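Results of the structural survey
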Amino acid sequence: MFKLKLPTDPRWANIAEGNIGEILTDHAWCEQKAATNAIGLITMLPEYSEIVTELLAIAQEELDHFNQVHEIIKKRGFTFGRARKDDYVNELAKFIVQGSREDLIVDKMLFAAMIEARSCERFKVLTENIKDEELKVFYKELMISEANHYTTFIGFARQLGDPEKVNKRWEEWLEYEAGIIKSYGNKETIHG
């Protein structure tokens, strides 16, 4: 899926399901951060009205996902905890180039695409491996949404940069992500 080099071990779903309150809280904050990231990209691209419109839609959709997860947390009687530090995302962020404006924007789009790709892949693992029927359906719907976001961010990167260079850089992102994801998959967090 998305040419990710290292798939998530399906046993991660058992870890997640073992503390569903924790995974839901972590997931809610991931959605909030995704909305914030889309808004941050808008501030970098005000002259691209079509991209701004798409990013606004993504930000709104991510906030809607945040709300949906928050409602599940409340419905199930869990306590919505504080925001979590996402070590996976922080490690990915170190790979963003600080070159020209174009290079930075393209890399930020690829950074967002990578997070969406891995999140989608994790949602697929949950859909296929947890016993909770309500969450299976919920994560399948989100998996589709995350796949669309991934496609959108890759498309923006190719639109804003040289498509050949973008494809080459995406391969570098895939290699880098494979190196860091080896350390993850053992916590009840979306990327952990």
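Position numbers for residues start from 1 in each chain and track the written sequence from start to end. Local features in this predicted model are restricted to residues whose pLDDT is 70 or higher, and side-chain atom pairs enter the listing and the counts only when it is 80 or higher, whereas totals over whole chains, interfaces and linings include all residues. By convention in this description, side-chain values take in all heavy atoms of the structure and omit both hydrogens and water.

As annotated in an unreviewed UniProt entry, the protein carries the name tRNA-(Ms[2]io[6]A)-hydroxylase and comes from Chryseobacterium vietnamense.

When the sulfur atoms of two cysteines come within 2.5 Å, that pair is taken as a disulfide. All told, the structure shown has 0 disulfides when counted by the stated rule. Looking at the unpaired Cys30, the closest cysteine sulfur is the one in Cys120, lying at 14 Å. Any residue under 20% of the maximum accessible area for its type is buried, any over 50% is exposed, and the rest in between are partly exposed; the area is computed with a 1.4 Å probe on protein chains only. Owing to a relative accessible area of 15%, Cys30 belongs among the buried residues under this scheme.

Bringing the packing of aromatic side chains into the picture now. Two aromatic rings from Phe, Tyr or Trp, using only the six-membered ring of Trp, form a pair when their centres are within 6.5 Å; if the ring planes differ by under 30 degrees the pair is stacked, by over 60 it is edge-to-face, and anything between is tilted. What the rule picks out here adds up to 9 aromatic pairs. Ring centres 5.0 Å apart and planes at 90 degrees place the aromatic pair Phe95 and Trp173 in the edge-to-face group. With a gap of 78 residues between them, Phe95 in the loop between helix H4 (87-93) and helix H5 (101-129) and Trp173 in helix H7 (residues 163-181) connect regions that are remote in the sequence. Residue Trp173 is classed as buried on the basis of its relative accessible area of 0%. Aromatic ring contacts, followed pair by pair, group Phe95, Phe111, Trp173 and Tyr176 into a single cluster. The criterion is that NZ of a Lys, or CZ of an Arg, lies within 6 Å of the ring centre and within 35 degrees of the ring normal, and then a charge sits over that ring. It is Arg122 that lies over the ring of Trp12; its NZ or CZ is 4.7 Å from the centre. In this text, helices come from DSSP runs of H or I with a minimum length of four residues, and strands from runs of E with a minimum of two, each type numbered from the N-terminal end.

This part covers the confidence of the model for the protein. Within the protein, residue pLDDT values average 94, and 99% of them lie at 70 or more. When pLDDT is averaged over each helix and strand of the protein, the minimum, 90, is found for helix H1 (residues 11-18) and the maximum, 97, for helix H3 (residues 49-75). Note: pLDDT gives the predictor's confidence per residue, expressed from 0 to 100.

Another point: the environment of Leu55. Relative to the helices and strands, Leu55 is located in helix H3. Through-space distance from the C-alpha of Leu55 to that of Lys75 is 30 Å; in sequence the pair is 20 residues apart. When sequence neighbours within four positions are dropped, the list of residues in contact with Leu55 reads Ala38, Leu41, Ile42, Leu45, Met109, Phe153 and Phe156. Contact criterion: two residues are considered in contact whenever any of their non-hydrogen atoms come within 4.5 Å of each other.

This part is about the side chain of Glu177. Residue placement: Glu177 occurs in helix H7. Sequence-distant contacts of Glu177, defined by excluding residues within four places in its chain, comprise Leu4, Tyr88, Leu92, Met114 and Arg118.

Take the nonpolar core next. Grouping buried Ala, Val, Leu, Ile, Met, Phe, Trp, Tyr and Cys residues that are joined through side-chain atoms within 4.5 Å yields what is termed a nonpolar core. Leu55, Met109, Phe153 and Trp170 are the most contacted members of the largest nonpolar core, which totals 39 residues. Elements with a minimum of two residues in this core: helix H2 (20-44), H3, H4, H5, helix H6 (133-160) and H7. Among the elements that make up this core, the one with the highest residue count is H5 (11 residues). In terms of nonpolar packing, the next biggest core, distinct from the first, is built from 24 residues, Ile23, Leu24, Trp29 and Phe123 among them.

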